[in-house]
Amino acid sequence: MRVPSIPFHSSDGRLFAGSREFAIKGVSWFGAEGGGAVVDGLWERPMEEYVALLATLRFNALRIPLSVDNVMLNPHLGEFYLTANPQLKGLRSLDVLERLVGVAARHGLLVLLDMHRLNSRVWPDERGLWYDEGTSSIGERLRSAWRILLHLFCDQWNVMGADLLNEPHGATWGVGDPRRDWDLAAKSLGNMILSECPRWLIFVEGIGIGDGPSGTFCDLCFWGENLLGLARKHVELALPGRVIYSPHAYGPGTNRWMHYFNRTAFADYPDNMPAVWESHFLAPARQAGATIVIGEWGGVYEKDDELWQDQFKSWLLDQQLSSFYWALNPNSGDTGGLLKSDWRTPQLEKQALLAELPASPVRLSLASLEPFKCPARAAGLREHEHSNGYF
């Protein structure tokens, strides 16, 4: 059964929900991509408290990082990870993911599923591609994982789309090499997903350094930031209005060696930064008529990094760009999060930083739909009986 859902689509560089332009104010909540196979922090507070907090802070979307192996194996969860959520003990990874999506729905939050890793135990992935070394079938494990997710969540009204792969920094774009070109892989994978779930948006991240011959070389781009290839090749899917390009951008708190952070060389820092962002991803996207949603940005919010984030927030407002902030979690070593290390005390400075960002009301978009009855699955209440995971 397909449940009516908000008709998202991209057009002329903007994101729409039906006929209304739609602004995403999102945040990532990580953990399910790692060894625990579940979002972090459930050992400290009930899941519902975190989601309610995000709704109170006027976030309207949640990005959930996942890994291919955790999706395919669907492991039972260690009780330690669920100490503050005893009702979840004994469940498997995807069971809890379904519960989280359902809780987000009740609080009016959209969900973007993000395939963050191929292997939950490997980060960073030195190859930065969408398949493992030595595989005989390029990208098939990634495709299989997405098939599992779309079968589970296509009829969940608040799951808005698929972030195909996090930061394919080892890829090229527009060269014509099927083993290296991320634009070719994204087209194939996106079309596979849309063939079974045509309503989803397909989020395509940028690459890393790129290469000279294709005109995509950018040794000063962060992983996922490089969209220079759009000047050469677009990701054209079978259905129009489904592609969202989703670059990542970070400041000196994450990598202070980027030369444009050097205040001796750039006395006008951080006023020099908009030109960097425009050259790395915004200008190529605008020239292509493509829609941008920033997939990650954030940092420690101290000293030069605070200046960077203030500038980036102002630039997002000037350019009318949506974004997902990294992250809710305090345990991101080089960025921190919206909460302090006890998972309870708010990082008030960061919350104030983000307060000005617009967030279109999800329930208003839902109100424009014809009335429909939600089945149990769409409400996130269905439990699965299985013994060997999802295959």
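Residues numbered from 1 in each chain as written. Predicted model: local features only at pLDDT ≥ 70, side-chain atom pairs only at ≥ 80, totals over all residues. Heavy atoms only, no water.

A. A look at the layout of surface pockets. A volume near 710 Å³ is recorded for the largest pocket. Together, 33 residues line the largest pocket, and W123, E167, T254, E296 and D334 are the ones closest to its centre. Each residue belonging to the lining of the largest pocket can be placed in one class, and the counts come to 12 nonpolar, 14 polar and 7 charged. (1 Å grid on protein atoms, 1.4 Å probe; cavity = no way out; pocket = protein on both sides within 12 Å on 5 of 7 lines; lining within 4 Å. Points joined across faces, edges and corners; volume = space filled by probe spheres on them. Nonpolar A, V, L, I, M, F, W, Y, C, P; charged D, E, K, R; others polar.)

B. Layout of helix 7 (residues 303-319). Along its 17 residues, helix 7 runs 25 Å from first to last C-alpha, staying within 8% of the 24 Å computed at 1.5 Å per residue. Those residues of helix 7 that sit buried are D305, W308, Q309, Q311, F312, K313, W315, L316 and Q319. Contacts from the buried residues of helix 7 go to strand 2 (14-17), helix 6 (273-287), strand 10 (293-294), strand 11 (322-325) and helix 8 (348-355). Phi turns positive, to about 55 degrees, at Q320, one or two residues after helix 7. (Helix = DSSP H or I, 4+ residues; strand = E, 2+ residues; numbered from the N terminus. Expected span 1.5 Å × (residues − 1). Buried < 20%, exposed > 50% of the residue type's maximum accessible area, 1.4 Å probe, protein only. Contact = heavy atoms within 4.5 Å.)

C. Region of interest: the packing of aromatic side chains. Enumeration over the complete set of coordinates arrives at 23 aromatic pairs. Ring plane angle 80 degrees and centroid distance 5.4 Å describe the contact between W130 and Y131, whose orientation is recorded as edge-to-face. When sorted by exposure, W130 lands in the same class as Y131, which is buried. The rings of W277, F281, W297, W308, F312, W315 and Y325 are connected pair by pair, giving a single aromatic cluster. A cation over a ring is seen here: K25 above F59, with NZ or CZ 4.9 Å from the ring centre. The ring of W257 is capped by R256, whose NZ or CZ atom sits 4.0 Å from the centre of that ring. (Phe/Tyr/Trp six-rings, centres within 6.5 Å; stacked < 30°, edge-to-face > 60°. Lys NZ or Arg CZ within 6 Å of the ring centre and 35° of its normal.)

D. Structural view of the side chain of S322. Mapped onto the elements, S322 comes out in strand 11. Residue S322 is classed as buried on the basis of its relative accessible area of 8%. There is a polar contact of 2.7 Å between the side chain of S322 and the backbone nitrogen of I24. If we ignore the near neighbours within four places in the chain, the residues touching S322 are F22, A23, I24, V293 and I294. (Polar contact = N/O pair within 3.5 Å; in protein donor to acceptor, adjacent residues only side chain to side chain.)

E. Broad picture of the nonpolar core. If you look at the biggest cluster of nonpolar residues, it comprises 104 residues, and the most contacted ones within it are W29, W146 and W182. The element that contributes the greatest number of residues to this core is helix 4 (residues 140-153), accounting for 8 residues. Apart from residues lying up to four places away in sequence, W182 is in contact with W130, L164, L165, P168, A171, T172, W173, V204, E205 and I207. (Core = buried A, V, L, I, M, F, W, Y, C linked by side-chain atoms within 4.5 Å.)

F. Focus on the pattern of salt bridges. Taken as a whole and assessed by the stated rule, the structure comprises 14 salt bridges. Its salt-bridge partner being R117, residue E33 comes within 4.0 Å of it at the nearest N-O pair. You can see E33 sitting in the loop between strand 4 (25-28) and helix 1 (47-56) and its partner R117 sitting in strand 6 (residues 110-117), a full 84 residues away along the chain. Each member of the pair, E33 as well as R117, is classed as buried. Several salt bridges converge on common partners, so that one network encompasses R63, D114, D163, E205 and E296. (Salt bridge = Lys/Arg side-chain N within 4 Å of Asp/Glu carboxyl O.)

G. Representation of the sheet that holds strand 9 (residues 243-245). Overall, parallel pairing links the 8 strands, which are arranged 9-8-7-6-5-4-11-10 in an open sheet. Taken across any chain shown, the strands that pair with only one partner, and hence form the sheet edges, are strand 9 and strand 10. Here 3 bridges tie strand 7 (residues 159-163) to strand 8 (residues 201-204), and the two strands are oriented parallel to one another. The partner of D163 across the bridge, within strand 8, is F203. Across the face of the sheet, helix 3 (residues 93-106) comes into contact with strand 5 (61-67), strand 6 and strand 7 while running at roughly 170 degrees to strand 5. (Pairing = 2+ DSSP bridges. Axes fitted to C-alpha atoms, helices over the stretch in contact; angles between N-to-C directions.)

H. Quick peek at the pairing of strand 2. Here strand 2 shows a buried face lined by R14 and F16 and a second buried face lined by L15 and A17. With 4 bridges joining them, strand 1 (residues 8-11) and strand 2 adopt antiparallel strand pairing. Each bridged residue has a counterpart across the sheet, and for H9 the counterpart in strand 2 is F16. Counted along the chain from strand 1 to the antiparallel partner strand 2, the turn is 2 residues long, and its residue D12 has a positive phi close to 50 degrees. By the bridge criterion, 2 bridges tie strand 2 to strand 3 (residues 20-21) in an arrangement that is antiparallel. What sits directly across from F16, in strand 3, is E21. Between the antiparallel neighbours strand 2 and strand 3 lie 2 residues, among them G18 with a positive phi of about 65 degrees.

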